[in-house]
Amino acid sequence: MAIAPGSYNLGPSNGKLVLKTGVEGPGAKMAHSLVIEVTNWSANATVGDDPAQSSLSLSADIPSFEIREGHGGVKPLSDNDRNDIKKTIANKILGTGRVEFQSNSVSSAGNSASVNGTVTVNGKSAPVTVNLTDNGGSISGRATVVQTALDIKPFKGPLGAFRLRDAVEVEFEGRV
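Chains are numbered independently. Their residues run from 1 in the order of the written sequence. The predicted origin of the model limits local features to residues at a pLDDT of at least 70 and limits the giving and counting of side-chain atom pairs to 80 or more, whereas totals for whole chains, interfaces and linings rest on all residues. Here the side-chain values reflect all heavy atoms present in the structure, with hydrogen atoms and water set aside.

**Student:** I keep staring at the overall build of the protein and nothing clicks. Help me out?
**Tutor:** Along the protein, the regular secondary structure elements total one helix and 13 strands. Strands are runs of DSSP state E lasting at least two residues, helices are runs of H or I lasting at least four, and both sets are numbered from the N terminus onward. Along the protein, helices (α) and strands (β) appear in the sequence β-β-β-β-β-β-β-α-β-β-β-β-β-β when read from the amino end. Here the globule rule is a power law, 2.2 Å times the number of residues to the power 0.38, and the radius of gyration is based on C-alpha atoms. For a compact globule of 176 residues, the expected C-alpha radius of gyration is about 16 Å, and the protein comes in at 17 Å, within 12% of that figure. With respect to the principal axes defined by its C-alpha atoms, the protein has extents near 55 × 30 × 25 Å. Each residue is assigned to one of three classes by its accessible area relative to the maximum for its type, calculated with a 1.4 Å probe on protein chains only: buried under 20%, partly exposed between the two thresholds, exposed over 50%. Taking all 176 residues of the protein together, the buried fraction comes to 41%. A fraction of 59% describes how many contacts in the protein between residues 6 or more apart in sequence connect residues 24 or more apart. Only the protein chains shown count as cover for residues, and the accessible areas themselves come from Shrake-Rupley with a 1.4 Å probe. Approximately 9,300 Å² of the protein is accessible, and the part contributed by carbon and sulfur atoms is 52%. Any two residues whose heavy atoms approach within 4.5 Å at even a single point are treated as in contact.

**Student:** Help me understand the confidence of the model for the protein in this model?
**Tutor:** The predicted coordinates of low-pLDDT regions are not to be read in fine detail. pLDDT: the predictor's confidence for each residue, scored from 0 to 100. Per-residue pLDDT for the protein has a mean of 94; in total, 99% of the residues score no lower than 70. The secondary-structure element of the protein with the lowest mean pLDDT is strand E1 (residues 6–10), recorded at 93, while strand E2 (residues 15–20) shows the highest, at 98.

**Student:** Got a minute to help me understand the environment of Val168 in this structure?
**Tutor:** Structurally, Val168 is set in strand E13 (residues 167–175). C-alpha separation for the pair Val168 and Leu34, spaced 134 residues apart in sequence, amounts to 10.0 Å. In this structure, Val168 is in contact with Leu19, Lys20, Thr21, Ala143, Thr144, Val145 and Gln147, ignoring residues within four places of it in sequence.

**Student:** Honestly, the sheet that holds strand E9 (residues 112–121) in this entry has me stumped. Any pointers?
**Tutor:** By definition, the strands of a sheet pair up through backbone hydrogen bonds, in either a parallel or an antiparallel sense. The strand order E1-E5-E6-E8-E9-E10-E11-E13-E2-E4-E7 describes an open sheet built from 11 strands, whose pairing is antiparallel. At either end of the open sheet lies a strand with only one pairing partner, and these are E1 and strand E7 (65–72). Between one strand and the next, the sheet's axes are offset by a mean angle of 20°, whatever the strand orientation. Being paired, for any two strands, means DSSP has found at least two bridges between them. In terms of strand pairing, E2 meets E13 through six bridges, oriented antiparallel. Counterpart to Leu19 in the pairing with E13 is Val170. Orientation is described by lines fitted to C-alpha atoms, with helices fitted over the stretch in contact, and by angles between N-to-C directions that extend from 0 to 180 degrees.

**Student:** What is the right way to look at unusual backbone geometry in this model?
**Tutor:** Apart from glycine, the bulk of residues carry a negative phi angle, and the bulk of peptide bonds sit in the trans form. The backbone of Asp151 shows a phi angle near 60°, a positive value even though the residue is not glycine. For Asp151, the position within the fold is in the loop between strand E11 (138–146) and strand E12 (163–164).

**Student:** Explain the environment of Gly15 here, please?
**Tutor:** Relative to the elements of secondary structure, Gly15 occurs in strand E2. The spacing of Gly15 and Gly48 is 33 residues in sequence and 21 Å in space, taken between C-alpha atoms. With residues near it in sequence (within four places) discarded, Gly15 still touches Trp41, Glu173, Gly174 and Arg175.

**Student:** What am I meant to see in the environment of Ile139 here?
**Tutor:** Mapped onto the fold, Ile139 is located in strand E11. Taking relative accessible area as the criterion, Ile139 reaches 7% and is therefore assigned buried. The spacing of Ile139 and Leu94 is 45 residues in sequence and 28 Å in space, taken between C-alpha atoms.

**Student:** Looking at this model, I keep getting lost on the nonpolar core. Mind explaining?
**Tutor:** Nonpolar side chains in soluble globular proteins generally cluster together in the buried interior. To define a nonpolar core, start from buried Ala, Val, Leu, Ile, Met, Phe, Trp, Tyr and Cys residues and group those joined through side-chain atoms within 4.5 Å. Core analysis: the biggest nonpolar cluster contains 40 residues, and Leu17, Trp41, Phe65 and Val130 have the highest contact counts within it. Phe65 has contacts with Leu19, Ile36, Glu37, Val38, Lys86, Ile89, Leu94 and Val99, leaving out every residue within four places of it along the chain. With six residues, the next largest nonpolar core counts Val23, Ala28, Ala161 and Phe162 among its residues.

Quick look at the structure:
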């Protein structure tokens, strides 16, 4: 990657971290695919002269998840819906702890890098690959986290009419 070697700290002051969910099942049209912004997070990227000397770590507070958008559904997402979803995340799905990511290998080509690592939620860990792009002054990244790989049961609607997709898309961007 073209980012100069060094250590870079990222967080809400110079970046954005969002989760994107999808819905499936016979009643999926009733539900919303969500865009959830993480408002309290920090990441450290250490860039070495050799990609093998590079690393990435990230920590995010689950209580800081804010429901920003809801796509689809039979009616617009209300503030009450947002509050109910946030409570469900904290009380029934993820709890109130932290999500952690730690890289174990980095490879790069041109302005892109692939970071293999481990995500941990509630003491359960699973492998994740983060794909990074150097955008000249900023960096963007994408990863897919599979809930069941972390022993998280994707949320189901009333009578199982719809459920969240097992895969949650994670996107971040930050100025370096």
